[in-house]
Amino acid sequence: MKAGISSETDILKKVIVHTPGSEVSLVNPSKKEDLLFDDIIFENDARIEHLDMLKLFQTAMPSGGEIIEILDLALHCFQAEDVRHQFIEMMIKELADENIHPIEKDLKKLDAETLLQFVVEGSIPPSRHFDLNPAPNLLFTRDLAAVVGNNIIISKAAKKARAREFLLMETIVMHHPLFNELKKNAIHTSPQQSIEGGDVIVVSENIVMIGMSERTSFSGLMGVAEQLLDSGISHVLAVDIPKQRSSMHLDTIFTFADHDECVVFPPAIEEKTDNVVHLHSVNGSVHAKKKTSLKATLEELTEKEFTFIKCGGADRINQFREQWTDGANVFALAPGVIVGYERNTRTFEALADHGYTHMDQFSFIEKFSDKPFNQQVEGKIAISFQGHELCRGRGGARCMTLPVLREKDQ
Ligand SMILES: NC(=O)NCCC[C@H](N)C(=O)O
């Protein structure tokens, strides 16, 4: 099956998502910080917001475009008993301190649906005698892997709360036909390293950015960079970002809106210097060179001028407020066609100042209900969608999407 990503903004053809389900209703407020949520979220509204977001994607995607639920992929893989058993054994080994081994035999008797329910909810119905935490962050499929050209980076969770999700993704990559080609070029990390997909940004066919963040370790970054450079990527830009909750991944402070336009959180990107290291390969070994500014480095490598659009606009407080609610985390459906949370009004104003027509999700869907959307005809559009519940999980449109195929043409 066709898959591959050579830029953040080529036309979206296949994307993996997870519409939130019962797992978000199992978050006990006393555990919300451990589970990486800033509040408890209301499942019903979160689901409606997510499904509305998917309708918006469907409207903009060309015919034949696919929005794929991650649990459908997992269910397909779990139909095979040996895959279920391998997954259970991997989970017991990798999550040793969860003490799952006493129920290994019980887990091995489960059918595909019930095992999947255990993975997502953390307990075995109907008795629920064994209780792990739920996995409410499955919503943020972005972090579970990253497709870079024809390679796939299998992420390694930095936080225990997300470990089961990452193992599920690894199983999907290894066993689902969607990944038949990509898995030949799978990039793994070693046990002590971590890397999460939100830190990986594909600039072009030969340039990749990786955030050195709260979630991606230096060693994880270097390990992945070496493998990318070996596989034909020419430049990896390691970007040092604040190691804190509000900017846990690079894509919380920097995303692409068009090939040469990015939405950025100024204090952590534009106003930083000496925060980039350019990695490239010389006669088979990795050379590193410190760079003064991210913008200048992107311009030098791509030979294009870049525009950085300020998340939150010019006002300092709005920059911080809108970064917190994922204003810098936009997701491109096509070059210059992006989606983001409606509440980040100052970011939409800044985008409008740079030539983006602002539309809300419902007007966009209505306008293209009976004619296909064509970006070349319509120009640059910033589409706002409602995500008041989704946003409490501390992730935006890019975090909730794992693209596996983008192409330049319709
Ligand atoms: N790429 C992203 O920034 N993903 C958002 C992840 C949010 C989730 N609650 C987490 O802390 O892992």
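Parameters and conventions
Sequence order sets the numbering: in each chain, residues are counted from 1 along the sequence as written. With pLDDT at 70 or above as the cut-off, local features in this predicted model cover only qualifying residues; side-chain atom pairs require 80 or more to be listed or tallied, and sums for whole chains, interfaces and linings still use all residues. UniProt positions are given in the numbering used here, feature names are shortened, and annotations may be inferred rather than shown by experiment. Put simply, DSSP marks the helices as runs of H or I at least four residues long and the strands as runs of E at least two long, and each gets a number from the N terminus on. Exposed residues have 12 or fewer other C-beta atoms within 10 Å of their own C-beta, buried residues have 20 or more, and partly exposed residues fall in between, where C-beta atoms are placed from the backbone. Residue pairs are scored as contacts if the distance between their C-beta atoms, which are placed from the backbone, is within 7 Å. In this description, the arc belongs to the directions extending from the helix axis to the C-beta atoms. Paired strands, in this sense, are two strands between which DSSP finds at least two bridges. The axes are straight lines fitted to the C-alpha atoms, using for helices just the contacting stretch, and the angles between their N-to-C directions are given from 0 to 180°. When buried Ala, Val, Leu, Ile, Met, Phe, Trp, Tyr and Cys residues are joined through C-beta atoms within 7 Å, the set is termed a nonpolar core. Crossings are assigned a handedness: left-handed for a near helix turned anticlockwise from the far helix by less than a right angle, right-handed for a clockwise turn. When residue character is reported, Ala, Val, Leu, Ile, Met, Phe, Trp, Tyr, Cys and Pro are called nonpolar, Asp, Glu, Lys and Arg charged, and the others, Gly included, polar.

The name recorded for the chain in an unreviewed UniProt entry is arginine deiminase, from Rhodohalobacter mucosus. Listed in UniProt under the heading Catalytic activity (unreviewed entry), the comment for the chain reads: "L-arginine + H2O = L-citrulline + NH4(+)". Per its UniProt entry, the chain bears the Pathway (unreviewed entry) comment "Amino-acid degradation; L-arginine degradation via ADI pathway; carbamoyl phosphate from L-arginine: step 1/2."

Before going further, it helps to examine the environment of His-259. Mapped onto the fold, His-259 is located in the loop between strand E9 (254-258) and strand E10 (261-264). A tally of 18 C-beta atoms within 10 Å means that His-259 is categorised as partly exposed. Separated by 75 residues in the primary sequence, His-259 and Ala-334 have C-alpha atoms spaced 9.9 Å apart. What His-259 contacts, discounting residues up to four positions off in sequence, is Ser-7, Thr-9 and Pro-335.

Among all positions of helix H9 (residues 316-324), only Asn-318, Gln-319, Glu-322 and Gln-323 are buried. Along the axis of H9, the buried positions cluster into a sector of 125°, meaning they face one direction only. Structural note: H9 exposes Arg-316 and Ile-317 on the side pointing more than 90 degrees away from its buried face. Buried residues along H9 sit in contact with strand E13 (307-310) and helix H10 (345-353). Positive backbone phi, at 65°, marks Asp-326, one or two positions downstream of H9.

Here we come to the sheet that holds strand E8 (residues 235-240). The mixed open sheet is built from 5 strands, whose spatial order is E6-E7-E8-E11-E12. Each of the sheet's edge strands pairs with one partner strand only, and the pair in question is strand E6 (200-204) and strand E12 (285-291). The average undirected angle you get between the axes of adjacent strands in this sheet is 25°. Sheet analysis places strand E7 (residues 207-212) next to E8, joined by 6 bridges and oriented parallel. Within the sheet, the bridge partner assigned to Met-209 lies in E8 and is Leu-237. In the packing of helix H7 (residues 218-230) onto the sheet, the strands contacted are E7, E8, strand E11 (276-282) and E12, and the crossing angle to E7 comes to about 170°.

Glancing now at the nonpolar core. In this structure, Val-148, Ile-153, Val-208, Val-236 and Ala-238 are the most contacted members of the largest nonpolar core, which totals 120 residues. Those residues in contact with Ile-153 that sit more than four places away from it in its chain are Ala-145, Ala-146, Val-148, Ile-187, Ile-195, Val-200 and Val-224.

Look at the UniProt record and you will see "active site" (unreviewed entry) annotated at Cys-399. Position of Cys-399 relative to the elements: it lies in the loop between strand E17 (381-385) and strand E18 (402-407). For Cys-399, a count of 26 C-beta atoms within 10 Å gives the class buried. Here Cys-399 is in contact with Phe-140, Arg-142, Gly-198, Asp-251 and Asn-329, once residues within four sequence places are set aside.

Here we come to the packing of helix H3 (residues 81-94) against helix H6 (residues 163-175). For the pair H3 and H6, the least separation of the axes is 11 Å and the interaxial angle reads 145°. Where H3 crosses over H6, the two elements pack in a sense that is right-handed. Residue-level contacts link Val-83, Phe-87, Met-90, Met-91 and Glu-94 of H3 to Ala-163, Arg-164, Leu-167, Thr-171 and His-175 of H6. When its residues are assigned to classes, the contact of H3 with H6 shows 6 nonpolar, 2 polar and 2 charged.

Let's shift gears to unusual backbone geometry. Even without glycine at this site, Asn-99 takes up a positive phi of about 55°. Turning to its location among the elements, Asn-99 is positioned in the loop between H3 and helix H4 (104-108). Not every positive phi belongs to a glycine, and Asp-326 is a case in point at roughly 65°. Topologically, Asp-326 is positioned in the loop between H9 and strand E14 (331-334). Under the C-beta neighbour-count criterion, Asp-326 is labelled buried, with 28 such atoms within 10 Å.

Counting buried residues along E6, 4 of its 5 residues qualify, which places the element largely inside the surrounding structure. One ladder, built from 4 bridges, connects E6 with E7; its direction is antiparallel. Paired with Ile-201 across the bridge in E7 is Met-209. The antiparallel hairpin formed by E6 and E7 contains 2 residues in its connecting segment.

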